[in-house]
Structures are given as structure tokens and as C-alpha cells.
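Close look at the chain arrangement
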Amino acid sequence: MTTVTVDADPTRSPAVVAGVEQVRRLRTAVPGPVSLRLRERRAAAVAAGVGMVLPAFVERAGGAVLVDVDGNSLVDLGAGIAVVNAGHAHPRVVAAVTEQAEAFLHTCFMVTPYEGYVAVAERLGGLVPVDGPTRTVLLSSGAEAVENAVKIARAATGRDAVAVFDHAYHGRTNLTMAMTAKAMPYKRGFGPFAGEVYRAPMSYPFRDPAGLTGEEAAERAVRSLVTQVGAEELACLVIEPIQGEGGFVEPAPGFLPALAAWCRDHGVLLVADEIQTGFARTGDVFALDHEGVRADLVTVAKGLADGMPLAGVVGRAEVMDAVHAGGLGGTYGGNPVACAAALASADVMTEEDLPARAREIEAVLRPALEAAREHAPGIGDVRGRGAMLAVELVRPGTLEPDAAEAARVARTCHEAGVVVLTCGTYGNVIRLLPPLTIDPALLADGTAVLVEALTGRAGSAA
Ligand SMILES: *Cc1c(COP(=O)(O)O)cnc(C)c1O
């Protein structure tokens, strides 16, 4: 197969990050022969239940490029699901990880502490949309953070019930499965689930009756919760400010402030699950900042440490400290290497102004997606904020989800060397989560491939 090299400006040599040229370059089909052999080994050794978006095995990554074992350079518009916001192998993060690894890998913070954990807690306190003094517990995964937020809310309020929303995704452990909305693939066959979880209707402007304001949608949600359980039973209301796996559903303006006000009036703790939206992804440091909403507790993971497994719950001091000593923790929570990565990531976010980079990405990507609508009548909605954008695909002229079309668009991008992800309750949403540091020429190239895939429906149907 011939080599295809794409650079928006061929007179300029491509940027290089962590030794990886920031270009798309295909040397074989994707996946190539070496990946296909590894896929066979994978199938014979790895549990079938572990999903796979694109079976190109990665050998190296830098910036927004993944280099696979066949020598193909792929444009990464997924960032490992909104994790490497600073880009793959950001030199600052790698240096911090290396330095800490040489010092020590683990002590268990609950046995003998170290400064990195404390420094991450201090740093998070200054970043999260929570008023007043904060306290933090660090953990290893997002689901674990959500579980702990519920534990803390129950301990602080003496109440049991947890409110969540349609299309929510909060993880795959038993409690978080109960909080997650979608049965396939997350829940089916895995019950019984944890109790005392109540689900309210989300504000979903594309699918809500026309003209339903954020305030009206909040009223609808509150009515549903009051009917099901009553405010006085609710420990917390857990919400993703922009939903992730559920379809990048961005509630109508006013929805989150109205819910926050209702929570405050009824002693219900507001838990913002910012695991996917956090750390500059949406153009603000946190998505709640957009409308100036304040939470009692915030869950963080994904973008927190740019690829090292680290998660946390950050909240108002008096809420967090309602838990008895020894009630929170875990062997690996706040691992020192992960903490070093988080501190370097926070430095990069500030010094390279990643919120501004996210807004710049939106300024390129959104108009291109909007323009594609003219030639792709299946695009029902273009939505999201910052570098968290999505296209919802439907049968033209209807609200009927078109998951097959989303799968076709994703496959077309993958074959062309552009990694995109799908999501949504109906599996009909293409979601874009590029590293926030993505090289502009590479973003332009990835965008062009995506637009071509979106508008190429007639060709593929023939
Ligand atoms: C990914 C995600 C989780 C779960 O995080 P894991 O690290 O996969 O356990 C929870 N909530 C949201 C909003 C997420 O995007």
C-alpha cells in the first residue's frame, strides 16, 4: 500500500511532540497485519467482555498522534476518553512521572504519607467550583470517586436516597451501575443493583418538546423526584454538567442553576460528576463554571493526571469531614506517581491556557460540523462545548436515532486513520474529545476526514 502523508501546509515540516511527528500517515490498512495478529492473541487471552473501539495496537504516542505497531500514525480525536487533555506524553508530565518513579512508587498514603497527595488536594481546592474551604480524598478510578461521593453525602446528611438522571453514566461498579442509565452494555445481566437510586428526566434540548427552558426542565426533574422519593429522603443529586457516555447532552441554560437552588433549599447535596468535563475540556476549568454554579462535592478523574490513574472527590470541608476517621481511602488511592502527573498536568493547564485552547478547538470544529449539515441530512444536532463536541445522527427529518450511520461514520474515520468515538443512549452520537494541545494543522486534517465521512453517506449506500 502507498504511503499517504497529510499536512495542511506541506511547505512547513510537521510539529513533533515526544518524538512523534504530528501528521496522519498510513502505511497499511487500519488495522494492519501486525495489529491483526495481536488481535488474535487478544481474543485468546483477554476477556471477551472488554470492549474495543479500534483494533490498531499502539506502540507509541505523542501529542495527538498514536503510532501503531504497523507504523501507521493516527490522529487521536478521543484522547483516551478525555484523559490526555495535555496531549499524549506531554514532556512536563513524563518528566514529573519519571522523577517520582525514581524516588518511590508507593507507600500507601494511609500508612505513611507523602507531600504529593497533599499538594494535589491543595491544588484541586483552588480549581473546583465549590465555595469556601475544601477537603479532598484521592482514589484510583472515576467509579470509585462517585461511590465515595455518595458515601460522603450519606454520612453528611444522614439520608439514603440518591438522585440521578436519564442518560447518566457514572461507572461500572455495583452502585455506579445502578446510577448509570443505559442497560446495554453497562448493566444487562449484572444485577441486582444497589437500591435507593432514583432517576429524573434530564434537560435534553434536541429531544425535549420545543421551547422547554432549563428552568422548566429542572421543575420537571424535581417534580419527578418529589413524587418518587421526596426531598427530605435525598442525600444527594448527582449530575454530569454535560453528559458524557450518555450522548454529550448539554442541558438548556438555567437547568443546572435551578437544580442547584432547589438542592440548597432542601438540604440535598449537589454532586457534580466532572469526570469527563473537568480540567479545561469544555473551555472552562470545570463545566459548572460556565453558569457560575457551585457544587457541594465534585468528582474528578480522567483529565486529572493526563493518563496516570487518579481520581478524587473534592468538596466543602464540613461535608467531607462528616466522615469518621478511617472511613475513606484505598490501597492505591493518590498513588505518588499519579500525583506527580496531576501536579504537572495542572501546571500545563495553567501555563498553556488549556481552557483557551479548548475554545479555539470549538471555533474550528463547530463551524465545520454545522456546515456539514447541508450535505448530511442525518445530522440532527451539533452540540457540546469547548473541545467536547458531538454530532447526533438521526433518520433525516425525524428524531429516530441512526446508530448504524454513527457506526459507519466512525468506521470510515478509523479506516482513514482518525480515531473518533461514539456514545449516546441510542448509540447514534459521534463524540469528539481531542487533546487540547492538538496541533492546528492536525486538527484541520482530522476535521476534514470526519466531515468527509459524515457527508459521504450517499456514496456508501450505493
Ligand atoms: C468515565 C466516567 C466515569 C467512570 O470513570 P472510570 O475511571 O471509568 O471508573 C464516571 N463518570 C463520568 C461522567 C465518566 O465520564
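For the structure itself, look to the data block above.
A brief structural summary. Here the structure is a predicted model, which is why all the values come from computation and not from measurement.

Below, the discussion takes up the nonpolar core. The biggest cluster of nonpolar side chains holds 123 residues, and the ones touching the most others in it are Leu237 and Ile430. Counting residues per element, this core draws most heavily on helix 10 (residues 336-351), which supplies ten residues. Not counting residues up to four positions away in its chain, the partners in contact with Leu237 are Ala163, Phe165, Leu225, Leu259, Trp262, Cys263, Val268, Leu269, Leu270 and Val271. Judged by nonpolar contacts, the second largest core, of nine residues, contains Phe248, Ala390, Cys423 and Leu433.

In this section: the site of the ligand. Lining the immediate surroundings of the ligand are Ser141, Gly142, Ala143, Tyr169, His170, Glu240, Asp273, Ile275, Gln276 and Lys302. At 2.8 Å, a backbone N or O of Ala143 approaches an oxygen atom of the ligand. In the model, an oxygen atom of the ligand is placed 2.6 Å from a nitrogen or oxygen of the Lys302 side chain. Burial of the ligand by the surrounding chains reaches 82%, relative to a free accessible area of 380 Å².

Reading across the sheet, the seven strands line up as 8-14-13-12-11-9-10 and stay open at both edges, with mixed pairing between neighbours. Unpaired on one side and paired on the other, strand 8 (134-139) and strand 10 (197-200) mark the two borders of the sheet. Ignoring which end each strand starts from, the neighbouring axes of this sheet average 20 degrees apart. Looking at chain direction, strand 9 (residues 161-165) and strand 11 (residues 234-239) are connected through three bridges and run parallel. Counterpart to Ala161 in the pairing with strand 11 is Leu234. Here helix 7 (residues 214-228) sits on the sheet and contacts strand 9, strand 10 and strand 11; the angle it forms with strand 10, its principal contact strand, is near 150 degrees.

Direction vectors running N to C along helix 4 (residues 115-127) and helix 10 enclose 35 degrees, while the axes themselves pass 9 Å from each other. Judged by the sense of rotation from one axis to the other, the crossing of helix 4 with helix 10 is left-handed. Contact residues: helix 4 offers Gly116, Tyr117, Ala119, Val120, Arg123 and Leu127, while helix 10 offers Cys339, Ala342, Leu343, Ala346, Asp347 and Met349. For the contact of helix 4 with helix 10, the per-class residue count stands at nine nonpolar, one polar and two charged.

Okay, helix 5 (residues 142-157) next. Across its 16 residues, helix 5 extends 23 Å between first and last C-alpha, which sits within 8% of the 22 Å expected from 1.5 Å per residue. Looking only at helix 5, the buried set comprises Gly142, Ala143, Ala145, Val146, Asn148, Ala149, Val150, Ile152 and Ala153. Just beyond helix 5, the residue with positive phi is Gly158, at close to 70 degrees.

Under the definition given, this model contains zero disulfides. For Cys236, which is in no disulfide, the shortest distance to another cysteine sulfur is to Cys263 and amounts to 8.9 Å. Left unpaired, Cys339 is separated from the closest cysteine sulfur, that of Cys108, by 12 Å.

We now examine the pairing of strand 10. By the alternation rule, side chains of strand 10 split into Tyr198 and Ala200, which are all buried, and Val197 and Arg199, of which none is buried. Judged from the four bridges that link them, strand 9 and strand 10 form a sheet pairing that is parallel. By the bridge assignment for strand 10, Ala163 is matched with Tyr198. Note on the crossover from strand 9 through helix 6 (residues 174-179) to strand 10: the handedness is right-handed.

The rules we used
Residues numbered from 1 in each chain as written. Predicted model: local features only at pLDDT ≥ 70, side-chain atom pairs only at ≥ 80, totals over all residues. Heavy atoms only, no water. Core = buried A, V, L, I, M, F, W, Y, C linked by side-chain atoms within 4.5 Å. Buried < 20%, exposed > 50% of the residue type's maximum accessible area, 1.4 Å probe, protein only. Helix = DSSP H or I, 4+ residues; strand = E, 2+ residues; numbered from the N terminus. Contact = heavy atoms within 4.5 Å. Near = heavy atom within 4 Å. Polar contact = N/O pair within 3.5 Å; in protein donor to acceptor, adjacent residues only side chain to side chain. Areas by Shrake-Rupley, 256 points an atom, 1.4 Å probe, with all protein chains shown as cover. Pairing = 2+ DSSP bridges. Axes fitted to C-alpha atoms, helices over the stretch in contact; angles between N-to-C directions. Left-handed = near helix turned anticlockwise from the far one by under 90°. Nonpolar A, V, L, I, M, F, W, Y, C, P; charged D, E, K, R; others polar. Expected span 1.5 Å × (residues − 1). Disulfide = S-S within 2.5 Å. Right-handed = clockwise from strand over helix to strand, strands pointing away.

Distances and angles like these do not, on their own, reveal function.
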